[in-house]
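Now for the letters of each chain:
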Amino acid sequence: MKTLTAYIQVDPDSGLYFGVVPGIPGAYTQAETLDELQHSLTEVLVLCLEQAPDILADLPKFVGTLKIDIPV
C-alpha cells in the first residue's frame with residue numbers, strides 16, 4: 001500500500017470540493033463532501049495506475065504549505 005497526498009480546494013461558488021494528486025496525470029475529481037472526494041480520488045487513482053503503473057516511482061514529495069501575504 002502506498003500513501004499519496006492530494007491537494008484539496010473548495011469552490012466558493014458551487015461549494016464543491018476539488019482534489020488533485022500532483023504528478024499523476026488525470027488524477028483529479030470533485031465531490032460534495034470530503035468523504036465522497038476521498039472515495040472518488042481513490043477510484044481515479046486506481047484507474048490512473050492501471051494505465052501507468054510505473055508512475056509511482058517518480059512522484060514529487062509533498063513538503064508542506066506556504067502562506068504568503070500580499071499587499072492588496
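For the structure, check the block above.
These remarks concern the structure in this document. (Residues numbered from 1 in each chain as written. Predicted model: local features only at pLDDT ≥ 70, side-chain atom pairs only at ≥ 80, totals over all residues. Heavy atoms only, no water.)

## So, the packing of aromatic side chains
Two measures describe an aromatic ring pair: the distance that separates the ring centres and the angle between the ring planes.
Here's step 1: A full pass over the atoms with the stated rule returns two aromatic pairs.
Here's step 2: Centre to centre, the rings of Tyr-7 and Phe-62 are 5.7 Å apart; their planes meet at 50°, and the pair counts as tilted. With a gap of 55 residues between them, Tyr-7 in strand E1 (residues 7-10) and Phe-62 in the segment after helix H1 (34-51) connect regions that are remote in the sequence.
Here's step 3: With a relative accessible area of 39%, Tyr-7 lands in the partly exposed category.
Here's step 4: On the basis of relative accessibility, which here comes to 35%, the residue Phe-62 falls in the partly exposed class.
Here's step 5: Ring centres of Phe-18 and Tyr-28 lie 6.3 Å apart, and the angle between their planes is 35°; on these two criteria the pair is classed as tilted. Of the two residues, Phe-18 sits in strand E2 (residues 17-20) while Tyr-28 sits in strand E3 (residues 28-31), which places them 10 residues apart along the sequence. (Phe/Tyr/Trp six-rings, centres within 6.5 Å; stacked < 30°, edge-to-face > 60°. Helix = DSSP H or I, 4+ residues; strand = E, 2+ residues; numbered from the N terminus. Buried < 20%, exposed > 50% of the residue type's maximum accessible area, 1.4 Å probe, protein only.)

## Some thoughts on H1
Counting along an α-helix, one turn takes 3.6 residues, and residues three or four places apart therefore face a common direction.
Here's step 1: The terminal C-alpha atoms of H1 lie 26 Å apart, and with 18 residues this matches the ideal 26 Å at 1.5 Å per residue to within 8%.
Here's step 2: Those residues of H1 lying buried are Leu-37, Ser-40, Leu-41, Val-44, Leu-45 and Cys-48. Buried residues along H1 cover an arc of 140° about the axis, so they all sit on one side. Exposed side of H1, more than 90 degrees from the buried face: Asp-35, Gln-38, Leu-47 and Glu-50 are the residues found there. (Expected span 1.5 Å × (residues − 1). Arc of directions from axis to C-beta.)

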